[in-house]
Amino acid sequence: MPKTKKANKKNKKTKTRKRAPCPKTERERLKELLFPIQKPRTRGHIKVSDLHTVAYYTYGNPDGVPHLFMHGGPGSDISNDITDMFDLKKYFLVAIDQRGCGKSTPAGELRENTTQDLLADMETVRRQLNVEKWILVGFSWGSTLAIYYAQQHADRIRGVLIG
């Protein structure tokens, strides 16, 4: 009997099975659709009132189709991660830290911080950067701002993307 066991061991061939590739996670599939994250081309601050200074960032092609990105809130800020949604070879992206948020000063200030003030800030930045018309991109509170801005400045927009 021991000889049979040895014989069986010798006769067995080691089979290597090809494994099917592991399915990609949602995150991996999504990453294939996104663009590389980029740092701002420029950063600036604009004095919009005696109390507030608004921070803004530009990304991508200055000759490309202009987009304005508005973050959610309250208290959110701009992150370079937003750039992964845009082909910055084709688009010029402007992002604003709303009053009291991010690098805008003073931090957390609620005085002189109304919806109308935020809309006026968007117009100030648009004029400062010599943008004639832009596409508005907003998420959460930023989508509300995009809708209000579009209502008040329909002649200044090419489109609205909200989420």
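Summarised in this report is the structure supplied together with it. Because the structure is predicted, anything quoted here is derived from the model rather than measured. (Residues numbered from 1 in each chain as written. Predicted model: local features only at pLDDT ≥ 70, side-chain atom pairs only at ≥ 80, totals over all residues. Heavy atoms only, no water.)

## A closer look at the nonpolar core
To be explicit about the condition: Throughout this description, the term nonpolar core refers to a set of buried Ala, Val, Leu, Ile, Met, Phe, Trp, Tyr and Cys residues connected via side-chain atoms within 4.5 Å. Only protein chains enter the accessibility calculation, which uses a 1.4 Å probe; a residue whose area is less than 20% of its type maximum is buried, one above 50% is exposed, and one in between is partly exposed. Labels follow the DSSP assignment, with helices taken as runs of H or I lasting at least four residues and strands as runs of E lasting at least two, numbered in each case from the N terminus. Contact criterion: two residues are considered in contact whenever any of their non-hydrogen atoms come within 4.5 Å of each other.
Formed by 20 residues in total, the largest nonpolar core has its most connected members in L68, M70, I96, M122, W134, L136 and Y149. Taken together, the elements giving at least two residues each to this core come down to β2 (53-60), β3 (65-70), β4 (91-97), α3 (115-128), β5 (134-138) and α4 (141-152). Residue contacts for Y149: discarding those within four places in its chain leaves L119, M122, E123, R126, W134, L136, A154, R156 and I157. Ranked by size, the runner-up nonpolar core spans twelve residues in total, among them F69, I82, F86 and L93.

## Regarding empty space enclosed by the protein
Condition: Think of a 1 Å grid over the protein atoms and nothing else: a 1.4 Å probe that fits but is trapped marks a cavity, an open set flanked by protein within 12 Å on at least five of seven lines marks a pocket, and residues with an atom within 4 Å of a point count as lining. Grid points are joined across faces, edges and corners, and a volume is the space filled by probe spheres set on the points. Ten residues, namely Ala, Val, Leu, Ile, Met, Phe, Trp, Tyr, Cys and Pro, are considered nonpolar, four, namely Asp, Glu, Lys and Arg, are considered charged, and the remaining ones, Gly among them, are considered polar.
This structure, assessed with the given rule, holds one cavity of 30 Å³ or more. By volume, the largest cavity amounts to about 70 Å³. If you trace the largest cavity, you find it lined by V54, M70, I96, D97, Q98, R99, L118, D121, M122 and L145. Only β4 and α3 provide two or more residues apiece to the lining of the largest cavity. Per-element accounting of the lining of the largest cavity gives the leading share, three residues, to α3. Looking at the lining of the largest cavity residue by residue, the class counts come to six nonpolar, one polar and three charged.

## As for the sheet that holds β3
Selection criterion: Only strands joined by at least two bridges in the DSSP assignment are considered to pair. Angles shown run from 0 to 180 degrees and are taken between the N-to-C directions of axes, each axis being a line fitted to C-alpha atoms and, for helices, limited to the stretch in contact.
The strand order across the open sheet formed by six strands is β1-β2-β4-β3-β5-β6, and the pairing between neighbours is mixed. The outermost strands of the open sheet, each flanked by one partner alone, are β1 (42-47) and β6 (157-162). The average undirected angle you get between the axes of adjacent strands in this sheet is 20 degrees. Bridge analysis of β2 against β4 gives six bridges, and the strand direction is antiparallel. When the sheet's bridge partners are listed, T58 is paired in β4 with V94. In the packing of α4 onto the sheet, the strands contacted are β3, β5 and β6, and the crossing angle to β6 comes to about 155 degrees.

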